[in-house]
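Coordinate inspection notes
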Amino acid sequence: MDAIMTAKGIKRDFRVGSEILHVLKGVDVDILRGKLTILKGRSGSGKTTLLNILSTLDTPTEGDVEFLEKKYSVMNDAQKEKMRREELGFVFQSIALIPIMNAYENVDLSLRLAGIETDKDERIKRVLSLVNMQDRMLHMPGQMSGGEQQRIAIARAVAHSPKILFADEPTGALDTENGIKVMKLFRHLIEKEGVTVVMTTHDPNLMELGDVVFEMEDGELFERREN
Ligand SMILES: Nc1ncnc2c1ncn2[C@@H]1O[C@H](COP(=O)(O)OP(=O)(O)OP(=O)(O)O)[C@@H](O)[C@H]1O
Ligand SMILES: [Mg+2]
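Quick look at the structure, then. (Residues numbered from 1 in each chain as written. Chains lettered and ligands numbered in written order. Predicted model: local features only at pLDDT ≥ 70, side-chain atom pairs only at ≥ 80, totals over all residues. Heavy atoms only, no water.)

**Section: the pairing of strand β3 (residues 36–40)**
Of all five residues in β3, four are buried, a share of seventy percent or more. Bridge count for β3 against strand β8 (residues 196–200) is four bridges, and the pairing is parallel. Across the sheet, L39 pairs through a bridge with T200, a residue of β8. As judged from the four bridges shared by β3 and strand β9 (residues 212–217), these two strands associate in the parallel manner. Opposite I38, over in β9, you have V213 as the bridge partner. (Buried < 20%, exposed > 50% of the residue type's maximum accessible area, 1.4 Å probe, protein only. Helix = DSSP H or I, 4+ residues; strand = E, 2+ residues; numbered from the N terminus. Pairing = 2+ DSSP bridges.)

What follows is the structure, encoded as structure tokens:
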């Protein structure tokens, strides 16, 4: 299978007082291109820690990640930041739209951060249509429901055509029905935009919607299912 990202031997220790927590104990994982990968596992098992390492937000104690033929260990902070803005997209549980910007402006901001100048208006309208929010472009976040805001956040996260979209509990603030809608939206984006999605979830109802499901258990990652 075609891996877009490969992580090898990932360990992550945290020092808490005089104690050292071994949160990731040697994780190897291939992220398959154009697939929806789900990380599950109990609270505190290390899902966010792994996602943060895969997405350059955190650095492992040991091990390395390779993406676009580059190893994170040889990249400096500026190179990683550039890669985050241009090649990666992020969605979080707390939706974090800019409250004083309308939907259109929120999406526009991420294009500006990625340095995209050309055909911006067309692109913003396209991604808002992809999440079926084309009629809400001028609405402020406070005028939208949680599920609607998350759809705008997803439009924003894919506006600059990232290669991988990382989503940490993207459905955590939503009920199962809206959670399923978000998952269907990811599927739609994979088909229409060719993006690869890596997400975490607690919700057992959503697991079956992933192509590949991994479980984090005692600092190790186990593959549970591949379609
Ligand atoms: N910066 C940190 N300093 C110390 N300990 C940390 C730090 N970040 C995470 N941990 C610890 O690492 C473990 C894994 O945390 P992580 O956030 O990755 O879990 P999770 O699987 O995402 O949990 P949840 O499902 O609740 O989001 C936890 O025990 C947490 O307390
Ligand atoms: Mg987490």
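That covers the picture; the talk isn't over yet.
**Brief notes about the sheet that holds strand β1 (residues 3–16)**
Spatially, β2-β1-β4-β5 is the arrangement adopted by the four strands of the open sheet, whose pairing is antiparallel. A single partner strand is all that each edge strand has here, and the edge strands are β2 (19–32) and β5 (70–71). Pairing geometry for β1 and strand β4 (residues 62–67), over five bridges, is antiparallel. In the strand pairing of β4, T6 is matched with E66. Sitting on the sheet, helix α1 (residues 47–54) is in contact with β1, β2 and β4, with an inclination near 60° to β2. (Contact = heavy atoms within 4.5 Å. Axes fitted to C-alpha atoms, helices over the stretch in contact; angles between N-to-C directions.)

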